[in-house]
Amino acid sequence: MNLVLGIETSCDETSCAVVERGRKILSHLVSSSLEFHKKFGGIIPEAASRYHLEYIIPLLDATLKKAGVEFKDLDGVAVTYTPGLLGALLIGLNVAKAISFSFRIPLIPINHLLAHLYASFMVKDSLPKLPAIGFVISGGHTELFYIKEFNDAELLGKTRDDACGEAFDKVAKILGLGFPGGPFIEKWAKQGKDKIPFKCARLKNSLDFSFSGIKTAVLYYVKKIAPNDKQLTGNEIADICASFQEKIVEVLVEKAQQACIMKRVKSLILGGGVVANTLLRKRMEEMAKKEAIKVFFPPFELCMDNAAMVAGLGYRLYKLEKIKSDYSLEPKPVSEI
Ligand code: KG4
Ligand code: ZN
């Protein structure tokens, strides 16, 4: 096993990549349909599937060409089969099955959440040590894992309602900011003060999360200070963003810390779109320093959904155990870990 082709179609990004020995990216292309979905304020699953269908083959050709390889040079094909949108996953999985079957190379099924965490293993100079706590914080997920190895991960906690990024998106919508909401909230928060006492649920004695309460608290607060659809002032928006962001980050850092202490690990690996948040990075670093933990963030270009992390993880999993191609494999919208 040397060259692995990665395919990712779980949400709105169509992506293909060729990766050598799990870490060296020879080529990596992403085509996103996010612009299309923006006007609806969320991803339209049927439209995302149609985009994948239109783009996957040209993208695949371009990826191989850029890497300077042909199908016959590939040693395996890794593909996201869970979790994600059913129709979207189906397209990537079927393309991968066809390549695996035609060129008689192993089909390596990938869990998208673990792929996000593997992204930190593709940084040149630093390699996280296992076991580690893995924390995926994205638009669809808020999950804490104990990772002994990438084929031996245990779910420690997850959201009971909205995903963390989803809460950012919904609050941005309440405030009339754009989609996706995270970057807008972060930008506004920089000009505001954390002075509104919003509360984010802590769920004692559990590593689960709940973000729907704080989202509703923001909604009621806005209704109170701006009744009858009165316009919020810039200062009001900035303070709401700063207060909301602060409370969310506080809980994320607290639970990550608890998980590391509970499992006595010294590595914390973060992944997913919300990890782009500067305050979150800063607070995680501060906590890690205090606890003598090393915290790993994915390289910026691998923070969003991409096939490089999928190919990389495919190589690692195949090295751990020789996976037998299973052409009856179905896409699974909900992760089984
Ligand atoms: O991982 P991702 O690209 O897509 C999936 O959900 O798989 O994550 C997108 C999410 C969105 O909800 C977006 O609002 C959030 O990540 N996000 C952020 C920031 N940048 C993106 N949330 C907070 N602060 C940010 N700077
Ligand atoms: Zn993702």
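The structure contained in this document is the topic of the report that follows.

### Side note on the nonpolar core
Stage number 1. Among the nonpolar cores identified, the biggest contains 52 residues, and Phe135, Phe244, Leu252, Leu268 and Met284 are the most heavily contacted of them.
Stage number 2. Ranked by residue count, the leading element in this core is helix α8 (residues 234-263), at 13 residues.
Stage number 3. Setting aside residues no more than four positions away along its own chain, Met284 makes contact with Phe135, Leu252, Val253, Ala256, Leu268, Leu270, Val295 and Phe297.
Stage number 4. One finds Val19, Leu113, Ala119 and Ala308 within the second-largest nonpolar core, a separate group that totals 30 residues.

### Topic: the side chain of Ser100
Stage number 1. Mapped onto the fold, Ser100 is located in helix α3 (residues 86-103).
Stage number 2. A relative accessible area of 0% places Ser100 in the buried class.
Stage number 3. At 2.6 Å, the side chain of Ser100 and the side chain of Tyr327 are in polar contact.
Stage number 4. Dropping the residues within four chain positions of it, Ser100 is found in contact with Val77, Ile105, Pro106, Leu107, Ser325 and Tyr327.

### Digging into the coordination of the zinc ion (ligand 2)
Stage number 1. His112 (NE2), His116 (NE2) and Asp305 (OD) make up the full set of protein donors to the zinc ion (ligand 2), lying at 2.1 to 2.2 Å.
Stage number 2. Every donor counted, the four donor atoms about the zinc ion (ligand 2) form angles of 91 to 139° at the centre, which fits irregular coordination.
Stage number 3. Counting residues between consecutive donors of the zinc ion (ligand 2) along the chain gives the motif H-x3-H-x188-D. Note that His112 and His116 are positioned in helix α4 (residues 112-118) at a spacing of four residues, about one turn of the helix.

### Quick word on unusual backbone geometry
Stage number 1. Of note, the bond from Thr82 into Pro83 is cis; its omega dihedral lies within 30 degrees of zero at -20°.
Stage number 2. Mapped onto the elements, Pro83 comes out in the loop between β4 (76-82) and α3.
Stage number 3. The peptide bond linking Leu130 to Pro131 adopts the cis configuration, its omega dihedral lying at 0°.
Stage number 4. Take Pro131: it is sitting in the loop between α4 and β6 (132-137).
Stage number 5. Of note, Asp229 is a non-glycine position whose phi angle comes to about 55°, a positive value.

### Topic: the pairing of strand β7 (residues 142-149)
Stage number 1. Most of β7 sits inside the fold, with seven of its eight residues counted as buried.
Stage number 2. Pairing of β6 with β7, which is carried by six bridges, proceeds in the antiparallel orientation. If you follow Gly134 over to β7, its bridge partner there is Phe145.
Stage number 3. Joining the antiparallel neighbours β6 and β7 is a turn of four residues.

### Re the packing of aromatic side chains
Stage number 1. Scanning all chains against the criterion turns up 11 aromatic pairs.
Stage number 2. On the basis of an interplanar angle of 5° and a centroid distance of 5.9 Å, the ring pair of Tyr51 and Tyr55 is categorised as stacked. In this pair, Tyr51 and Tyr55 both sit in helix α2 (residues 45-67), four residues apart, roughly one turn of the helix.
Stage number 3. Relative accessible area serves as the criterion here: at 26%, Tyr51 is assigned to the partly exposed category.
Stage number 4. Classification of Tyr55 by relative accessible area gives partly exposed; the value is 34%.
Stage number 5. Centre to centre, the rings of Tyr118 and Phe121 are 5.5 Å apart; their planes meet at 10°, and the pair counts as stacked.
Stage number 6. Given a relative accessible area of 4%, Tyr118 falls into the buried group.
Stage number 7. A relative accessible area of 1% places Phe121 in the buried class.
Stage number 8. Pairwise contacts between aromatic rings join Phe36, Tyr51 and Tyr55 into one cluster.
Stage number 9. Across from the ring centre of Tyr146, 4.6 Å away, lies the NZ or CZ of Lys263, which sits over that ring.

### A few points about helix α7 (residues 212-225)
Stage number 1. Look at α7: 20 Å from first C-alpha to last across 14 residues, which is about the 20 Å you get at 1.5 Å a residue.
Stage number 2. Contact partners of the buried residues in α7: α5 (164-174) and α8.

### As for the sheet that holds β6
Stage number 1. Read across the sheet, five strands follow the order β8-β7-β6-β9-β10 without closing on themselves; strand pairing throughout is mixed. A strand with exactly one partner marks an edge of an open sheet, and here the two such strands are β8 (152-158) and β10 (294-296). For this sheet the average axis-to-axis angle between neighbouring strands, irrespective of direction, equals 25°.
Stage number 2. The pairing of β7 with β8 spans six bridges and is classified as antiparallel. Paired with Glu143 across the two strands is Lys158, which belongs to β8.
Stage number 3. Across the sheet, α8 touches β6, β7, β8 and β9 (267-271), and the angle it forms with β6 is around 155°.

Reading guide: rules and limits
- Residues numbered from 1 in each chain as written.
- Chains lettered and ligands numbered in written order.
- Predicted model: local features only at pLDDT ≥ 70, side-chain atom pairs only at ≥ 80, totals over all residues.
- Heavy atoms only, no water.
- Core = buried A, V, L, I, M, F, W, Y, C linked by side-chain atoms within 4.5 Å.
- Buried < 20%, exposed > 50% of the residue type's maximum accessible area, 1.4 Å probe, protein only.
- Helix = DSSP H or I, 4+ residues; strand = E, 2+ residues; numbered from the N terminus.
- Contact = heavy atoms within 4.5 Å.
- Polar contact = N/O pair within 3.5 Å; in protein donor to acceptor, adjacent residues only side chain to side chain.
- Donors = N, O, S within 2.8 Å, 3.2 Å for Na, K, Ca; no water.
- Tetrahedral: all angles 85-135°; square planar, octahedral: opposite > 155°, others 65-115°.
- Pairing = 2+ DSSP bridges.
- Phe/Tyr/Trp six-rings, centres within 6.5 Å; stacked < 30°, edge-to-face > 60°.
- Lys NZ or Arg CZ within 6 Å of the ring centre and 35° of its normal.
- Expected span 1.5 Å × (residues − 1).
- Axes fitted to C-alpha atoms, helices over the stretch in contact; angles between N-to-C directions.

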